[in-house]
Amino acid sequence: IYEEGFRNCCENKIYLLETRVIFVTDDDAENAKILNAIRNAYYRVKAECPDFVVRVIGATGKNDFFQLDQAFETLRSVIRLSKTIKDEYEQDNPKDFIIGLDLVNEEDSSKSLEEYIDFFDSDEVKKSGLKLFLHAGESLRMDNVDVNYAHRLGAVRVGHAFNLYRFPELMEKYKEDNIAIEVCPISNYRLGYTSDLRLHPGYTYLQAGIPVVICSDDGTFLTKMPLVDDFY
């Protein structure tokens, strides 16, 4: 499955893929199996497409199935593995394979990022060298302010940030701090966050000068041509 996805990227001239991998356990050995399988698939495709690069953002869930302590321990496993599992395609020049952390799940039925502030602000996360790529703002609720917490925590990219348009002053901060927004047009349409892509707030973010990345969210079943259709 990963090889097919990686080849699809190369065919569409996408040569840097930073993909989220969702872990459900704090078992380093089990998580390493997943990471090694992805890395081996990457190596096989890179042998065919030398410019291709894969990096992993380690994530876990933030709904009620993932209790806070379990989520923290799972992310700690990602931090530990980031030190040992490297991109060693060029064996004499190993590079980071795991580059960041995230929390995912349907946002309106999940815990707020506010509950994770102390963990992400902790020395163990800051000293890990991993950046934060936080999902926030994939919501139509007026009381969802996770885009503010993502900014406060220093996220370098924010997944969706669909409702950022509700906060004009915060939009300006995203621009000033060069925080990119991962806009997922087809996903937002299919999941009901917008009824008309011509009215998608991503257009507002582009006009405002905020960095925007066009992404597929669960693209393999939302559209026949992931990334290509979203970009179009």
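Anything mentioned here points back to the structure above.
Okay, so let's go over this structure.

Reading guide: rules and limits
The written sequence of each chain sets the order in which its residues are numbered from 1. Given that this is a predicted model, residues contribute local features only at a pLDDT of at least 70 and side-chain atom pairs are listed and counted only at 80 or more, while totals for whole chains, interfaces and linings are drawn from all residues. Hydrogens and water molecules were not included; the side-chain quantities draw on all heavy atoms of the structure. Put simply, DSSP marks the helices as runs of H or I at least four residues long and the strands as runs of E at least two long, and each gets a number from the N terminus on. Partly exposed describes any residue whose relative accessible area lies between the buried limit of under 20% and the exposed limit of over 50%, with all areas from a 1.4 Å probe on protein chains only and scaled to the type maximum. It only takes one pair of heavy atoms within 4.5 Å for two residues to be counted as in contact. Per-residue and other accessible areas were derived by the Shrake-Rupley procedure at a 1.4 Å probe size, with only the shown protein chains allowed to occlude residues. We score Asp and Glu as negative and Lys and Arg as positive, and we do not count His or the chain ends. Charged groups are reduced to one reference atom each: NZ for lysine, CZ for arginine, CG for aspartic acid, CD for glutamic acid. Two strands pair under a simple rule: DSSP has to find at least two bridges between them. Every axis in this analysis is a line fitted to C-alpha atoms, fitted for helices over the stretch in contact. Angles between the N-to-C directions lie between 0 and 180 degrees. Oblique is the label for every angle not falling under 35 degrees (roughly parallel), over 145 degrees (roughly antiparallel), or within 65 to 115 degrees (roughly perpendicular). Should the near helix be turned anticlockwise from the far one by less than a right angle, the crossing is left-handed, and should it be turned clockwise, the crossing is right-handed. For this classification, Asp, Glu, Lys and Arg are treated as charged, while Ala, Val, Leu, Ile, Met, Phe, Trp, Tyr, Cys and Pro are nonpolar and the rest, including Gly, are polar. By definition here, a salt bridge exists when the distance from a side-chain nitrogen of Lys or Arg to a carboxyl oxygen of Asp or Glu is within 4 Å.

**A look at the overall build of the protein chain**
Across its full length, the protein chain carries 11 helices and nine strands. Principal-axis analysis of the C-alpha atoms places the extent of the protein chain at approximately 50 × 40 × 35 Å. Taken across its 232 residues, the protein chain has 49% of its residues classed as buried. For the protein chain, the proportion of contacts with a sequence separation of at least 24, taken over those separated by at least 6, is 70%. When the accessible surface of the protein chain is summed, it comes to about 12,100 Å², and 51% of that surface belongs to carbon and sulfur atoms. The protein chain carries 27 positive and 41 negative side-chain charges, and their two centres are separated by 3 Å.

**Concerning the sheet that holds strand β7 (residues 157–160)**
Sheet strands pair via backbone hydrogen bonds, and the direction of the pair is either parallel or antiparallel. A sheet is described by the order of its strands in space; here seven strands give the open sequence β1-β2-β5-β6-β7-β8-β9, paired in parallel fashion. Edge positions in the open sheet fall to β1 (16–22) and β9 (212–214), since each of these has one partner strand only. For this sheet the average axis-to-axis angle between neighbouring strands, irrespective of direction, equals 25°.

**Description of unusual backbone geometry**
Unusually for a residue other than glycine, His160 sits at a positive phi of about 80°. Positionally, His160 belongs in strand β7. By relative accessible area, His160 is classed as buried at 3%.

**Side note on the packing of helix α2 (residues 28–48) against helix α3 (residues 68–84)**
Their axes nearest at 10 Å, the elements α2 and α3 cross at an angle of 60°. If you check the angle between α2 and α3, you find them oblique. Considering the relative orientation of α2 and α3, their crossing is right-handed. Packed against α2, whose contacting residues are Asp28, Asn31, Ala32 and Leu35, the element α3 presents Ser77, Arg80 and Leu81 at the interface. Its residues assigned to classes, the contact of α2 with α3 comprises three nonpolar, two polar and two charged.

**Details of the side chain of Glu182**
Note on placement: Glu182 falls in strand β8 (residues 180–183). Overall, Glu182 belongs to the buried group, its relative accessible area being 5%. For Glu182, the contacting residues outside a window of four places in its chain are Arg20, Arg157, Val158, Gly159, His160, Val213 and Cys215.

**Here's the deal with the pattern of salt bridges**
Evaluation of the coordinates by the stated rule reveals 19 salt bridges. Ionic pairing is found between Lys111 and Asp64, a salt bridge with its closest N-O pair at 3.6 Å. Of this pair, Lys111 sits in the loop between β5 (98–104) and α4 (117–120) while Asp64 sits in the loop between β2 (53–61) and α3, placing them 47 residues apart in sequence. Among the salt bridges present, the one from Arg157 reaches Glu182, with a minimum N-O distance of 2.7 Å. Separated by 25 residues along the polypeptide, Arg157 in strand β7 and Glu182 in strand β8 bring together distant segments of the chain.

**A word on the environment of Ile57**
Within the fold, Ile57 resides in strand β2. Ile57 gets classed as buried once you look at its relative accessible area, which sits at 0%. On a C-alpha basis, the gap between Ile57 and Phe133 in space is 7.6 Å, while along the polypeptide they are 76 residues apart. Ile57 has contacts with Glu18, Thr19, Arg20, Val21, Ile99, Gly100, Leu101, Asp102, Phe133 and Arg157, leaving out every residue within four places of it along the chain.

In short, the description is geometric, and any link to function would need to be established separately.
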